[in-house]
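# Structure assessment
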Amino acid sequence: QVQLVESGGGLVQPGGSLRLSCAASGRISTIYNMDWYRQAPGKQRELVATITSDGTSNYADFVKGRFTISRDNAKNTVSLQMNSLKPEDTAAYYCRAIIRTSFPSAINTYWGQGTQVTVSS
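My aim in this report is to walk through the structure given alongside it, one point at a time. Note on numbering: residues in each chain are counted from 1, in written sequence order. This being a predicted model, a pLDDT of at least 70 is required before a residue's local features are given, and a value of 80 or more before pairs of side-chain atoms are given or counted; all residues contribute to the totals for chains, interfaces and linings. The side-chain figures draw on all heavy atoms in the structure; neither hydrogens nor water molecules are used.

### A closer look at the pairing of strand S1 (residues 2-7)
Three labels apply to residues, based on accessible area from a 1.4 Å probe with only protein chains included: buried if under 20% of the type maximum, exposed if over 50%, partly exposed otherwise in between. In this text, helices come from DSSP runs of H or I with a minimum length of four residues, and strands from runs of E with a minimum of two, each type numbered from the N-terminal end. Residues Val2, Leu4 and Glu6 line the buried face of S1, whereas the alternating positions Gln3, Val5 and Ser7 sit on a face that is not buried. As defined by bridge partners, S1 adjoins strand S3 (residues 18-26) across six bridges and the pair is classed as antiparallel. What sits directly across from Gln3, in S3, is Ser25. By definition, two strands form a pair when at least two bridges between them are found by DSSP.

Below is the structure:
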């Protein structure tokens, strides 16, 4: 009923920038929080940034000042602008959203399929 599709990953040199996007589609009534997570090989998935429906954002300490999360409620999208990238930012990045669907009405958590970000010279 609902799909989240990420785009924008790739290979970038240290100090470079990338912008990730995630689009939600389907029988969507309301999107509540939208988040970005990441998971590096052999590590647990961790929260990178979150944004509420009214635009309030929070960041993990390891990305503060470098990453910016934003959303477009009209387009059901969330983006992550990543600047000053470091090799330790290398991971698969996933968007997550808490969504109320219509017909039937239900609130569930949805995940995208992930997009790879590799920071290397």
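Resuming the write-up.
### Here's the deal with unusual backbone geometry
Cis geometry marks the peptide bond from Phe103 to Pro104, where omega comes out at 5 degrees. Phi is positive for Ser84, close to 50 degrees, though the residue is something other than glycine. Mapped onto the fold, Ser84 is located in the loop between strand S8 (77-82) and strand S9 (91-101). Backbone geometry places Phe103, a non-glycine residue, at a positive phi of 55 degrees. Judged by relative accessible area, which is 69%, Phe103 ranks as exposed.

### Quick notes on the packing of aromatic side chains
Here is the rule: rings of Phe, Tyr and Trp (six-membered ring for Trp) pair when centre to centre is within 6.5 Å. Planes less than 30 degrees apart are stacked, more than 60 are edge-to-face, and the remainder are tilted. All chains considered together, the criterion is met by one aromatic pair. Criterion for a charge above a ring: Arg CZ or Lys NZ at most 6 Å from the ring centre, at most 35 degrees from the ring normal. Over the ring of Tyr94 we find Arg45; its NZ or CZ atom is 3.8 Å from the centre of that ring. The ring centre of Trp111 lies 4.7 Å from the NZ or CZ of Arg45, which sits over that ring.

### Quick notes on the state of the cysteines
By convention in this document, the label disulfide applies to cysteine sulfur atom pairs within 2.5 Å. In the structure shown here, the tally under the stated rule is one disulfide. Residue Cys22 pairs covalently with Cys95 via a disulfide, S to S 1.9 Å. Since a negative S-S torsion denotes a left-handed disulfide, the Cys22-Cys95 link at about 40 degrees is right-handed. With a gap of 73 residues between them, Cys22 in strand S3 and Cys95 in strand S9 connect regions that are remote in the sequence. Note on Cys95: relative accessible area 1%, which makes it buried.

None of the figures reported here should be taken as evidence of function without further support.
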